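Geometric and topological summary
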Amino acid sequence: MKDRLLYIIIFTVMMLPLTACAQKLNNDDGMHRYNTHEMTVGKADFVDTIQIEFVGDQIYIPVYIDGKRHLFNLDTGSSQGVAYIGANTGYSSPLGNINSRDANGLTDTIPIVEYPELKLGSPDGLSIRGYKASLLQRHNKHNIYDGIIGFDLFNKGLQAKIDAKRKRLILTDRKNYFDKEPGFEIKYKLKRWTPYLSINTWLDYNEPVLFDMGSTDLFVVNKTHFDAERKKDPRVPKLVEETTYGQNTVGSYGAEKRDLIFFLRFPTLPWGNFTFRNVHSYTTQGDSKFGGAILNYGTFVINPKRKRMKFWSYTGGNSVEVNNHIDDVSYMEDDGQTVVASIRHTSEYYKDGFREGDVVVSVDGRMVSGIDDFNNIKFTKGKTYKFILKDSRGFNKEIEVNYK
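From a predicted model like this one, the values you see are computed outputs, not experimental measurements.

Concerning the overall build of the protein
Counting its regular elements, the protein contains five helices and 36 strands. Long-range contacts, defined here as pairs at least 24 residues apart, represent 64% of the contacts in the protein between residues at least 6 apart. Entry remark: accessible area of the protein is about 17,000 Å², with carbon and sulfur atoms responsible for 44%.

Observations concerning the side chain of Ser 347
In this structure, Ser 347 sits in the loop between β32 (337-343) and α4 (348-352). Ser 347 gets classed as buried once you look at its relative accessible area, which sits at 4%.

A short note on the pattern of salt bridges
Following the criterion strictly, the structure yields 28 salt bridges and no others. Across the pair Arg 393 and Asp 391 runs a salt bridge whose closest N-O atoms are separated by 3.0 Å. Each of the salt bridges in this network shares a partner with another, and the network as a whole consists of Lys 223, Asp 227, Arg 230 and Asp 259.

As for unusual backbone geometry
The backbone of Asp 66 shows a phi angle near 55°, a positive value even though the residue is not glycine. For Asp 66, the position within the fold is in the loop between β7 (58-65) and β8 (68-74). Asp 66 sits in the exposed class, given a relative accessible area of 75%. If you check the backbone angles, Asn 278 has positive phi at about 60° while not being a glycine.

Regarding the packing of aromatic side chains
Each aromatic ring pair is summarised here by two numbers: the centre-to-centre distance and the angle between the ring planes. Counting across every chain of the model gives 33 aromatic pairs. Note on Phe 184 and Phe 274: the rings are 5.4 Å apart at their centroids and 50° apart in plane angle, and the pair reads as tilted. Linking Phe 184 in strand β18 (residues 184-191) with Phe 274 in strand β26 (residues 274-284), this pair joins segments that are 90 residues apart in sequence. Note on accessibility: Phe 184 and Phe 274 belong to one class, buried. Seen in terms of ring centroids, Phe 374 and Phe 379 are 5.7 Å apart; in terms of plane orientation they differ by 50°. Their pairing is tilted. By relative accessible area, which is 1% here, Phe 374 ends up buried. Residue classification places Phe 379 among the partly exposed residues on the basis of a relative accessible area of 21%. Cation over ring: Arg 355 sits above Tyr 350, and NZ or CZ is 3.7 Å from the ring centre.

As for the nonpolar core
With 67 residues, the main nonpolar core has Leu 171, Trp 271, Phe 276 and Phe 290 as its most contacted residues. Beyond its immediate chain neighbours, meaning those up to four positions away, Leu 171 contacts Phe 46, Val 47, Asp 48, Ile 50, Leu 120, Leu 126, Leu 153, Phe 154, Gln 159 and Ala 160. Counting residues in each nonpolar core, the second largest holds 18 residues, with Phe 354, Val 360, Val 368 and Tyr 403 among its members.

Some details on the pairing of β7
Among the eight residues that make up β7, eight are buried, leaving the element largely enclosed by the rest of the structure. Residues Gln 58, Tyr 60, Pro 62 and Tyr 64 line one face of β7 and the alternating positions Ile 59, Ile 61, Val 63 and Ile 65 line the opposite face, and both faces are buried. As defined by bridge partners, strand β6 (residues 53-55) adjoins β7 across three bridges and the pair is classed as antiparallel. By the bridge assignment for β7, Phe 54 is matched with Ile 59. Hairpin connection, β6 to β7: the antiparallel pair is bridged by two residues, and Gly 56 has positive phi, about 60°.

A few points about the pairing of β26
In terms of burial, β26 is largely enclosed, as nine of its 11 residues are buried. In this structure, strand β21 (residues 219-222) lies alongside β26, joined through two bridges in parallel fashion. Note on β26: the bridge partner recorded for Asn 222 is Thr 284. Pairing of strand β25 (residues 259-271) with β26 involves eight bridges; the strand directions are antiparallel. When the sheet's bridge partners are listed, Phe 266 is paired in β26 with Val 279. Count of turn residues in the β25/β26 antiparallel hairpin: two residues, of which Gly 272 carries a positive phi of about 60°.

What about helix α3 (residues 223-232)?
Considered for burial, the residues of α3 that qualify are Lys 223, Phe 226, Asp 227 and Glu 229. The inward-facing, buried residues of α3 abut β19 (194-202), β20 (205-211), β21, β22 (240-246), β25 and β26.

So, how was this worked out
- Residues numbered from 1 in each chain as written.
- Predicted model: local features only at pLDDT ≥ 70, side-chain atom pairs only at ≥ 80, totals over all residues.
- Heavy atoms only, no water.
- Helix = DSSP H or I, 4+ residues; strand = E, 2+ residues; numbered from the N terminus.
- Contact = heavy atoms within 4.5 Å.
- Areas by Shrake-Rupley, 256 points an atom, 1.4 Å probe, with all protein chains shown as cover.
- Buried < 20%, exposed > 50% of the residue type's maximum accessible area, 1.4 Å probe, protein only.
- Salt bridge = Lys/Arg side-chain N within 4 Å of Asp/Glu carboxyl O.
- Phe/Tyr/Trp six-rings, centres within 6.5 Å; stacked < 30°, edge-to-face > 60°.
- Lys NZ or Arg CZ within 6 Å of the ring centre and 35° of its normal.
- Core = buried A, V, L, I, M, F, W, Y, C linked by side-chain atoms within 4.5 Å.
- Pairing = 2+ DSSP bridges.

Purely geometric numbers; function is a separate question.
Next up, the structure:
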């Protein structure tokens, strides 16, 4: 049995439609607009190899600020950086605001700050100056990292190779440096300054797919687009493994609406002339996207000069078997309580008595309040846990589950 905590992916998707900034307008409206000109790189004609961490299908870059080491998440689904309130990273006072829209289409206005000089990888590493970031509160689960570096690092013109298996990120400003790297190349287009690929997701249809390394998923599908195609093409419903109702995504300004969720299996999913085999997915109200879990299967080269990405499998060849697992149950916070947001009806959780909308009261006698409290429980594979859940009628039920 597997479960997923919805707000783990809150941030990774909430910035993808961001109207980002770096330059204040002359009309003095207090708003900033996306512009990488104020960001400067400390050297030219360089190739730097940076040791990274790859934990929980996420990339973390050591970043030094005034000699102090921090971890920053590398999030290609965010158009620019993020600073967290209270993270002690020396960010400036707010420079103005941006209009931001989260994963579910909800919008808000948030402040923009500037980081001090960033050194990537080591105290003497590549210097980035004038780096702008959205200023946000962070959840306890994000305490592993102190900030985010967005896709503006590449929009600035730096090329990169991401190798999660060897835990290294190679950055360079040399125009043709990665041209002889093996791999399968496809084009991307910038939409709100983040990279979207055209992927033949099903049959005769090409889907705009965000390359979002800030998400922990491998691949998810926009439900509106899926609904349209399944009504037009009778072959599309054959991809459906299961359906249920619930919520799969929480953005920074609220949860997506309760809706039907489709759990899907793609026998093949192409990346240009390369094929991912046996890919499990589900529908979401946000954009379709490739997430960080895809880094388990090969290396990626990002070439912003030509707006192309190249994938090369760790095993070589023109295909790879994925056979990934989609978690059975997800949780979210509602009015300070941890709630079952969605559950697969074929799962052991459902057979044991878990239902959508149940409130988690306690686990092994430990009382649970909000989602942060639930996240602090260290679940161990193979161990049996006793849940006390409160159902929609207000009655408690005791359920024992084996965590796998």
